[in-house]
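# Fold and geometry: a report
Residues per chain are reported as follows:
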Amino acid sequence: MSLIPSRGRDRVVVDGGRRERIGARVLAWCAVAAVAALAGIAVGVNRTAGVAVAFVVFAFGIFVADPILVVVLVLPGAILVQRVGGASTNLSVADLLVFLGALVCLFHVDWRAAHHLKRFLQGIVWYQAVLILVVVAHPFRGDVIEWFHRFSYLAGSALVGWVIGWNGRARQAFRLFLWGAALLAMVAVEHSIALHFQPAQWGDYQKNAIGAVMWVAVVIAQLNPSWARIPKVEVRVIEGMCLVGLLASQSRQSAILLVLALGAAMLLNSEVRARSKMVIFIALPAVVLVYYSFALAFRNNPQFNSVAIRFGQIGAAIHVWHQSPWLGLGMRFYNLPQYITVTAPPNSLIDNLASTGIIGSIAFLVMVVITMRAMGGLPRAYGTLGLVVLLSHYVDGLFDTFWIGALSITPFIVAGISLGMSDRDPGAEHVPDLLKAKAAPSSPARGRTHTGQPARVPDYVPGPIPPGSDRAGRPA
């Protein structure tokens, strides 16, 4: 028999719970104060170590508060191409972000519902499996590191995008990326003016790196799918800033990719065709930029322009490929001292041929086909953006060394977002919208059309001929 009245017992329980909550808060704040003190001491001893500790604490706080936010930050973080490792690792800030984001995504992917994602990843997994043969044949450090790099760039970026789309965070990710690109565009304009309207480039941001960010940002801003829910005024301001940034970079290939992506989107999606005047307005300065830049390059330096240099690099890569035609010379073979005269081939096909041989090149082509088929099977409402960005990125690989690397993160994340949105809405219409006119409304039940008139009986009904009918299927 209890000697404490019921109200007294309730008061004791409440007081005990309040003490536990207060104690937990005190412990939490003590831990925060201890970490802050350690960060302050680290700054006093070594500034770099202090900044690293502060960044780790900040990242851990974000992870605890909102794990998906860590994933969202990968998309705008793809703009940060600054190197954080030596030449042996060749890591950038974007590399680290996509690797950490992919690790977080492993705990937030619903594989039972990720039907489109699994189709997309099949090509990447098979490609990476074949590359293991290349690593075994050429087990030097750069080859091993590049295998993990490619897995992170391709599969990790797709996972990041899928989690963003699946959790409905596409609007947040796109806005952060677009404003980051707009800020980069303004910096590029300032550098171009300071260089007397020469191509804007500084540090790790050379003109094609800036252009790679700009054309993706313009495509996202122009298509601006309804599920992104970005205000029109905001997106038009960003689009204009990024177009000016693209002109400041004077990147020919980025201008070509912009026209290709918007043209493909017009072909695939009727909603984009409805905005055809705006698309033409954007494509016109891009075409002018390409023509002016090519004409200037051939007129001023016909023997040493970028086209001539690229052909020379391709010829050097093909020359050394004959030493190991089937499995190539290993990824990043051009960093080895015996191949000091060879640079990274500015063509994805030649790069795979020289690095991974005939076997690796076939696996690469299979990966391209599988991933593009997976994107082509998405509903046009969700898949148009990811499809045209990934298509343009693959075409970009035919002209430069950026088919794989920090700048390949953004196209694969955008493709992953389209995959996540499609898996999130499995009932969406999957009929392609390729030059397809608006479908007529289907006939309601009970033999009446939407106008109330009797439904028209078709002249021919497939199937067995019923008794009493002639050979054409019409009533006798």
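Conventions used here
Residues numbered from 1 in each chain as written. Predicted model: local features only at pLDDT ≥ 70, side-chain atom pairs only at ≥ 80, totals over all residues. Heavy atoms only, no water. Helix = DSSP H or I, 4+ residues; strand = E, 2+ residues; numbered from the N terminus. Buried < 20%, exposed > 50% of the residue type's maximum accessible area, 1.4 Å probe, protein only. Contact = heavy atoms within 4.5 Å. Areas by Shrake-Rupley, 256 points an atom, 1.4 Å probe, with all protein chains shown as cover. Salt bridge = Lys/Arg side-chain N within 4 Å of Asp/Glu carboxyl O. Phe/Tyr/Trp six-rings, centres within 6.5 Å; stacked < 30°, edge-to-face > 60°. Expected span 1.5 Å × (residues − 1). Lys, Arg positive; Asp, Glu negative; His and termini not counted. pLDDT = per-residue confidence, 0-100. Axes fitted to C-alpha atoms, helices over the stretch in contact; angles between N-to-C directions. Parallel < 35°, antiparallel > 145°, perpendicular 65-115°, else oblique. Left-handed = near helix turned anticlockwise from the far one by under 90°. Nonpolar A, V, L, I, M, F, W, Y, C, P; charged D, E, K, R; others polar. Polar contact = N/O pair within 3.5 Å; in protein donor to acceptor, adjacent residues only side chain to side chain.

With that settled, consider the overall build of the chain. Of regular secondary structure, the chain possesses 17 helices and zero strands. Relative to its 476 residues, the chain shows a buried fraction of 44%. Counted over contacts in the chain with a minimum sequence separation of 6, partners at least 24 positions apart contribute 75%. Counting only carbon and sulfur atoms, one obtains 69% of the accessible surface of the chain, whose full area is about 25,100 Å².

Glancing now at the pattern of salt bridges. Overall, the coordinates contain seven salt bridges when judged by the stated rule. A salt bridge links Arg332 to Glu146; its shortest N-O distance comes to 2.8 Å. Linking Arg332 in the loop between helix 14 (306–321) and helix 15 (348–376) with Glu146 in helix 7 (residues 141–166), this pair joins segments that are 186 residues apart in sequence. Judged by its relative accessible area of 7%, Arg332 falls in the buried class. Here Glu146 falls in the buried class, since its relative accessible area comes to 6%. A salt bridge links Arg150 to Asp351; the shortest N-O distance between them is 3.8 Å. Of this pair, Arg150 sits in helix 7 while Asp351 sits in helix 15, placing them 201 residues apart in sequence.

The next point concerns the packing of aromatic side chains. For the coordinates displayed, the defined rule picks out 11 aromatic pairs. Each ring, one from Trp147 and one from Phe148, has its centre 5.1 Å from the other, and the planes form 85°; the classification is edge-to-face. A centroid spacing of 5.5 Å and a plane angle of 65° characterise the contact between Trp147 and Phe151, whose relative ring orientation is edge-to-face. Placement of both Trp147 and Phe151 in helix 7 is noted, with a separation of four residues, approximately one turn of the helix. Classification of Trp147 as buried rests on a relative accessible area of 14%. Relative accessible area serves as the criterion here: at 32%, Phe151 is assigned to the partly exposed category. Taken together, the aromatic side chains of Phe120, Tyr394 and Phe412 make up a single cluster linked through ring pairs.

Taking 1.5 Å per residue, 17 residues should reach 24 Å; helix 16 (residues 380–396) reaches 23 Å between its end C-alpha atoms and fits that length. Summarising burial for helix 16: 14 of the 17 residues are buried, a large majority.

Looking at the element boundaries, Asp143 is found in helix 7. Of the side chains with opposite charge, Arg150 lies nearest to the buried Asp143, which makes no salt bridge, at 7.5 Å. Those residues in contact with Asp143 that lie beyond four places of it in its chain are Val134, Val135, His138, Gly330 and Met331.

Attention now goes to the confidence of the model for the chain. Regions with low pLDDT should not have their predicted coordinates read in detail. Per-residue confidence for the chain gives a mean pLDDT of 80; residues scoring 70 or more make up 70%. Within the model, pLDDT remains below 50 along residues 437–476, and this stretch shows 24 contacts once partners closer than five positions in the same chain are excluded.

It is the contact of helix 7 with helix 17 (residues 409–424), at a shortest axis distance of 6 Å, that shows an interaxial angle of 40°. By the angle between their axes, helix 7 is oblique relative to helix 17. Judged by the sense of rotation from one axis to the other, the crossing of helix 7 with helix 17 is right-handed. Across from Tyr153, Leu154, Ser157, Ala158, Val160, Gly161, Trp162, Ile164, Gly165 and Trp166 in helix 7, the residues of helix 17 making contact are Ile409, Phe412, Ile413, Gly416, Ile417, Leu419, Gly420, Met421, Asp423 and Arg424. Broken down by class, the residue content of the contact of helix 7 with helix 17 amounts to 13 nonpolar, five polar and two charged.

On to the environment of Gln198, then. Mapped onto the elements, Gln198 comes out in the loop between helix 8 (170–194) and helix 9 (207–223). Distance in space between the C-alpha atoms of Gln198 and Ala248 is 7.8 Å, their sequence separation being 50 residues.

Position of Ser254 among the secondary structure elements: in helix 11 (residues 252–268). By relative accessible area, which is 2% here, Ser254 ends up buried. Among all residues touching Ser254, those that are not within four sequence positions of it are Asn208, Gly211, Ala212, Trp215 and Leu246. Of note is the side chain of Ser254, whose polar atom sits 3.4 Å from the backbone nitrogen of Ala212.

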